[in-house]
Every structure is written in structure tokens, then in C-alpha cells.
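Letter by letter, the chains look like this.
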Amino acid sequence: MRPYRNISDSELESFGAVREWDSMVAASLIIPASVLWVHSTREKFHRLDPMDSCLVKKITILRIQGDVIKTDFGSYSIETGKNIYYSCGCKKFCDCYGQLYLLKEDHALSHRYTA
């Protein structure tokens, strides 16, 4: 699967996140866990600061139910880290437009991504 390119590698690095979504790692996170959320069409909102919290923010995984990650900002696929619902067509920011990225500093990831 082709990864999202809605955020640059240097921006991901500044947040301490990794580009590749690993469903096995995500499933093994100790809950609650933090992840980075990025609006999937972030580049279209050029009038906003690209780091505006409407477009990029850290959110919390509250639970994992089967193939679904439940967060404090919507539901996502454990397999892809992408929103599990199709765009709802609303004109506000909502979880239907997001992509999750794993954070390096999370205790479950720190052993995999040490420099």
C-alpha cells in the first residue's frame, strides 16, 4: 500500500513519528497510547498554518476493538491507520479525513527506532 504523503519526512521527524504504519506494532501498544494525526488533505488548506491543530495533532488511542482503533478523535483501521469511514462531506474538520502515524518515543516503539 502506498503511504500518505500529506506530511514531509522532516515534519514527521520533528514530531518524533515514523512514516510506515505497522499494524502489528499498533496492535501491541499499551493503551492509552499517543499517535500523530494528520488531516489527509492537509495541503489543500494552504491558508492555514500547516502545523495548525486542525491539520496536525497528537491524539490518544483509547482502545482497540478487533480491527478498529478507537481514539479521542475518531475511529481508524488497525491495518492502515487511515480513517475507516468515507468522507462525510461536512465542511468542518472531523475524523473522517485523518491518517495516524506511530510515535517513536512511545514505549512500545522505542526499541525499534533507536538511532
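Described below are features of the structure shown in this document. What you see is a predicted model; the values in this text were computed from it and never measured. (Residues numbered from 1 in each chain as written. Predicted model: local features only at pLDDT ≥ 70, side-chain atom pairs only at ≥ 80, totals over all residues. Heavy atoms only, no water.)

**Some details on the nonpolar core**
Core analysis: the largest hydrophobic core is formed by 15 residues, its most contacted members being W21, V35, I59, I69, Y76, L100 and L102. Looking at this core, the elements that each hand over two or more residues are α2 (23-27), β1 (33-39), β2 (56-65) and β5 (98-102). With near-sequence residues (within four places) excluded, I59 lies in contact with A33, S34, V35, W37, T71, D72, F73, Y76 and L100. Core analysis: the second largest hydrophobic core is formed by nine residues, I7, A17, L36 and V56 among them. (Core = buried A, V, L, I, M, F, W, Y, C linked by side-chain atoms within 4.5 Å. Buried < 20%, exposed > 50% of the residue type's maximum accessible area, 1.4 Å probe, protein only. Helix = DSSP H or I, 4+ residues; strand = E, 2+ residues; numbered from the N terminus. Contact = heavy atoms within 4.5 Å.)

**With respect to the pattern of salt bridges**
Applying the stated rule across the entire model yields two salt bridges. A salt bridge links D9 to R19; the shortest N-O distance between them is 2.8 Å. Of this pair, D9 sits in helix α1 (residues 9-15) while R19 sits in the loop between α1 and α2, and the two are ten residues apart along the sequence. When the shortest N-O distance is used, the salt bridge between E13 and K104 registers 2.7 Å. Taken together, the residues E13 in helix α1 and K104 in the segment after β5 connect sequence positions 91 residues apart. (Salt bridge = Lys/Arg side-chain N within 4 Å of Asp/Glu carboxyl O.)

**Here we look at the sheet that holds β1**
The antiparallel open sheet is built from five strands, whose spatial order is β4-β3-β2-β1-β5. Here the strands that pair on one side only, and so sit at the sheet edges, are β4 (74-77) and β5. Averaged over all pairs of adjacent strands, the angle between strand axes in this sheet comes to 45 degrees, irrespective of strand direction. Of the pairings in the sheet, the one linking strand β3 (residues 68-71) to β4 comprises four bridges and is antiparallel in character. When the bridges of β4 are listed, T71 appears paired with G74. (Pairing = 2+ DSSP bridges. Axes fitted to C-alpha atoms, helices over the stretch in contact; angles between N-to-C directions.)

Keep in mind these values describe shape, not function.
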